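Structural overview for review
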Amino acid sequence: MTESKLEAIALIESIPDENSDMLVKIVKNIRELLGVESKSRAEKNLAIMDEVKALIGKDIPWHDEADMIRELAEMRRHRAKS
């Protein structure tokens, strides 16, 4: 490992836990520099919702997305218990 990498790791490790927002910014910057795609959890969830809508088309059996999420969560819990 190069000296620069070791220094970067040491600096990151020295960030106090109460400054976790600083760490998030650092990780985001590193991903941008490396060209690593990073999506927030909300962006990933919206992409999943779009995929679900594309799969089921206009035949939506739920009143709204909240109903769909509740039903899918219940199915997942039921499957986990089996």
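Refer to the structure presented above.
Now for a description of the structure that goes with this document.

Procedures and definitions
- For every chain, the first residue of the written sequence is number 1, and numbering continues from 1 along that sequence.
- At least 70 in pLDDT is required for a residue's local features to be given in this predicted model, at least 80 for side-chain atom pairs to be given and counted, and no such filter applies to totals for whole chains, interfaces and linings, which use all residues.
- Heavy atoms throughout the structure, all of them, feed into the side-chain values; hydrogens and water do not.
- Where helices and strands are cited, they refer to DSSP runs of H or I of at least four residues and of E of at least two residues respectively, numbered from the N terminus.
- For the exposure calls, accessible area comes from a 1.4 Å probe over protein chains only, and a residue counts as buried if that area is under 20% of its type's maximum, exposed if over 50%, partly exposed in between.
- Contacts were defined at the residue level, with two residues in contact if any of their heavy atoms lie within 4.5 Å.
- For a helix, the expected span equals 1.5 Å multiplied by the residue count minus one.
- Criterion for a salt bridge: a side-chain nitrogen of Lys or Arg within 4 Å of a carboxyl oxygen of Asp or Glu.

As for its position among the elements, Trp62 is in the loop between α3 (41-56) and α4 (65-81). By relative accessible area, which is 16% here, Trp62 ends up buried. Ignoring sequence-local partners within four residues, the contact set of Trp62 consists of Ile56, Asp67, Met68 and Glu71.

This paragraph deals with α3. Over its 16 residues, α3 runs 23 Å from end to end, which matches the ideal 22 Å to within 8%, given 1.5 Å per residue. Within two residues after α3, Gly57 carries a phi angle of roughly 65°, on the positive side.

This part covers the pattern of salt bridges. Side-chain pairing between opposite charges can occur once the charged atoms of the two side chains come close. This model, assessed by the stated rule, comprises 2 salt bridges. In this structure, the salt-bridge partner of Asp67 is Arg70, at a minimum N-O distance of 2.3 Å. Here the residue Asp67 and the residue Arg70 both occupy positions in helix α4, the gap between them amounting to 3 residues, near one helical turn. Residue classification places Asp67 among the partly exposed residues on the basis of a relative accessible area of 24%. With relative accessibility at 52%, the residue Arg70 sits in the exposed group. Of the charged contacts in the structure, one is a salt bridge between Glu74 and Arg77, with a shortest N-O distance of 3.3 Å. Of the two residues, Glu74 and Arg77 both sit in helix α4, 3 residues apart, roughly one turn of that helix. Here Glu74 falls in the partly exposed class, since its relative accessible area comes to 45%.

The analysis is restricted to geometry; functional conclusions fall outside its scope.
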